[in-house]
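Residues per chain, in single letters:
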Amino acid sequence: MSTLAFRPSRHSTRPVKVSFEFFPPKTAEMEASLWGAIERLAPLRPNFVSVTYGAGGSTRERTHNTVARIVQDTSLRPAAHLTCVAATRDEVDEVVGAYWAAGVRHIVALRGDPAGGLGSAYAAHPGGYEQTCDLVAGIRRIGDFEVSVSAYPEKHPEAPSLDADIDALKAKVDCGATRAITQFFFDNDHYLRYLDRVRARGIDIPIVPGILPVQNFKQAAKFAASTGATVPDWLAARFEGLDHDLETRRLIAAAVAAEQVLDLVDRGVNEFHFYTMNRADLVFAICHLLGLRAQPASEPARAAA
Ligand code: FAD
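Reading guide: rules and limits
- Residues numbered from 1 in each chain as written.
- Predicted model: local features only at pLDDT ≥ 70, side-chain atom pairs only at ≥ 80, totals over all residues.
- Heavy atoms only, no water.
- Helix = DSSP H or I, 4+ residues; strand = E, 2+ residues; numbered from the N terminus.
- Near = heavy atom within 4 Å.
- Polar contact = N/O pair within 3.5 Å; in protein donor to acceptor, adjacent residues only side chain to side chain.
- Areas by Shrake-Rupley, 256 points an atom, 1.4 Å probe, with all protein chains shown as cover.
- Nonpolar A, V, L, I, M, F, W, Y, C, P; charged D, E, K, R; others polar.
- Buried < 20%, exposed > 50% of the residue type's maximum accessible area, 1.4 Å probe, protein only.
- Axes fitted to C-alpha atoms, helices over the stretch in contact; angles between N-to-C directions.
- Parallel < 35°, antiparallel > 145°, perpendicular 65-115°, else oblique.
- Left-handed = near helix turned anticlockwise from the far one by under 90°.
- Contact = heavy atoms within 4.5 Å.
- Pairing = 2+ DSSP bridges.

Chemist: Help me understand unusual backbone geometry in this model?
Modeler: Among all residues except glycine, the phi angle is most often negative; among peptide bonds, the trans geometry is most common. Phi angles above zero are rare outside glycine, and R45 is one such case at about 50 degrees. Counting through the fold element by element, R45 comes out in the loop between α1 (28–41) and β2 (48–51). Not every positive phi belongs to a glycine, and M277 is a case in point at roughly 55 degrees. Along the chain, M277 falls in the loop between β9 (271–275) and α10 (281–289).

Chemist: Just to check I follow, could you spell out the site of the ligand for this structure?
Modeler: What surrounds the ligand is a group of 23 residues, the closest being Y53, D113, T132, Y152 and K172. In this structure, an oxygen atom belonging to the ligand sits 2.4 Å away from a side-chain N or O atom of T132. Here the ligand loses 83% of its free accessible area of 950 Å² to cover by the protein chains. For the shell around the ligand, the secondary-structure elements that each account for two or more residues are β3 (78–83), α4 (132–142) and α5 (162–174). Considering each element in turn, the shell around the ligand owes the most residues, 3 residues, to α5. Residue classes in the shell around the ligand are distributed as 9 nonpolar, 9 polar and 5 charged.

Chemist: Mind showing me how you'd approach the environment of A285 here?
Modeler: Along the chain, the position of A285 falls in helix α10. Taking the relative accessible area as the measure of exposure, A285 reaches 38% and is therefore partly exposed. The spatial distance from the C-alpha of A285 to the C-alpha of A101 is 35 Å, given a sequence separation of 184 residues.

Chemist: I keep staring at the packing of α1 against helix α2 (residues 60–73) and nothing clicks. Help me out?
Modeler: The geometry of a pair of packed helices is captured by two quantities: the angle between their axes and the separation between those axes. Between α1 and α2, the shortest axis-to-axis distance is 13 Å and the interhelical angle comes to 40 degrees. With respect to each other, α1 and α2 are oriented oblique. Our pair here, α1 against α2, has a crossing hand that is right-handed. Across the interface between the two elements, E31, L34, W35 and I38 from α1 touch T66, R69 and I70 from α2. Looking at the contact of α1 with α2 residue by residue, the class counts come to 4 nonpolar, 1 polar and 2 charged.

Chemist: Explanation requested: the sheet that holds strand β4 (residues 106–110) in the structure shown.
Modeler: Taken in spatial order, the 9 strands of this open sheet run β7-β6-β5-β4-β3-β2-β1-β9-β8, and their pairing is parallel. One side of each edge strand has no neighbouring strand; the edge strands of this open sheet are β7 (207–208) and β8 (210–211). The sheet contact formed by strand β1 (residues 17–22) and β9 spans 5 bridges and is parallel. Across the sheet, F20 pairs through a bridge with F274, a residue of β9. On top of the sheet, helix α3 (residues 89–101) reaches β3 and β4; it is set at about 175 degrees to β3, its chief contact.

Structure (structure tokens):
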């Protein structure tokens with residue numbers, strides 16, 4: 001096995017940085033598959049790995065336990081997702097304090113979806129953080145965390161316009177956000193045009209593209225419809241007629257994702273956040289194409305201390 005972390009390629013002569021997003025498992029079987037994915041991807045030495053927080057705060061314990069195990073058992077740097085929903089400021093602050101005490105130094109701060117589900121009006125919890133920018137400021141008051149926030153190249157579905165959404169991103173940055181991770185998109189022009197507008201608005205933090213490798217087209221299209229991400233006709237055409245042909249679907253999925261990230265590299269992007277859906281194979285292959293090579297595991301932070 002190579003001991004080099006990065007191999008310059010036809011597409012990328014600059015080192016590429018990656019991060020991986022996981023969701024907390026519900027069952028023992030899902031737990032085993034999550035840890036299988038983490039073990040497979042960890043030797044690629046991601047910049048960080050993040051763990052989502054369920055809608056309505058439903059995974060509070062499971063998110064915390066997953067993040068705590070990453071700190072204890074691996075040398076990875078975890079980022080814990082946290083939302084404003086279904087909790088008072090004191091409750092949220094307590095969670096943030098517990099993360100700090102557990103050695104977590106990175107939080108992905110989000111508002112969260114309305115309690116009535118997407119499409120209904122959002123109402124802040126009485127006594128809770130009103131908007132993401134308030135949560136970001138609250139987190140930064142508690143500790144010197146790295147704070148990532150969301151960004152929407154095709155605009156958040158609730159925002160009246162893309163400019164209004166970019167103003168909301170600016171507010172999050174002014175409150176202390178240090179990085180934005182985008183909603184997934186399939187047309188790279190959406191991301192690059194958005195980046196131009198964000199920079200023109202005076203926002204200079206990294207805006208890391210969120211990449212969703214399409215493991216299951218129907219599911220991805222449904223998910224995209226709820227987040228406001230458009231699904232180009234050419235993408236649908238690529239998966240056409242393959243509903244009962246898993247093997248070809250997997251090959252097409254790898255080709256589509258490779259094409260997307262390599263095009264972004266050609267256009268100057270060198271940092272990626274992968275929505276792994278707790279599955280490693282496709283993401284591992286894409287990272288390999290990006291020039292990343294597995295490194296021997298180092299000791300967990302706890303053992304090294
Ligand atoms: P925000 O940036 O807070 O924006 C929400 C809406 O309010 C937008 O329309 C925006 O324009 C507007 N707005 C924001 N700030 C202001 C302001 N100061 N004044 C006026 N309007 C404002 N959801 C989960 O439940 N758990 C997760 O773990 C999770 N992880 C995610 C990770 C990423 C990278 C992304 C892109 C999304 C994630 N989500 C998650 C989804 C997210 O919670 C929803 O999209 C939610 O509807 C909005 O939260 P937000 O922080 O993304 O949006």
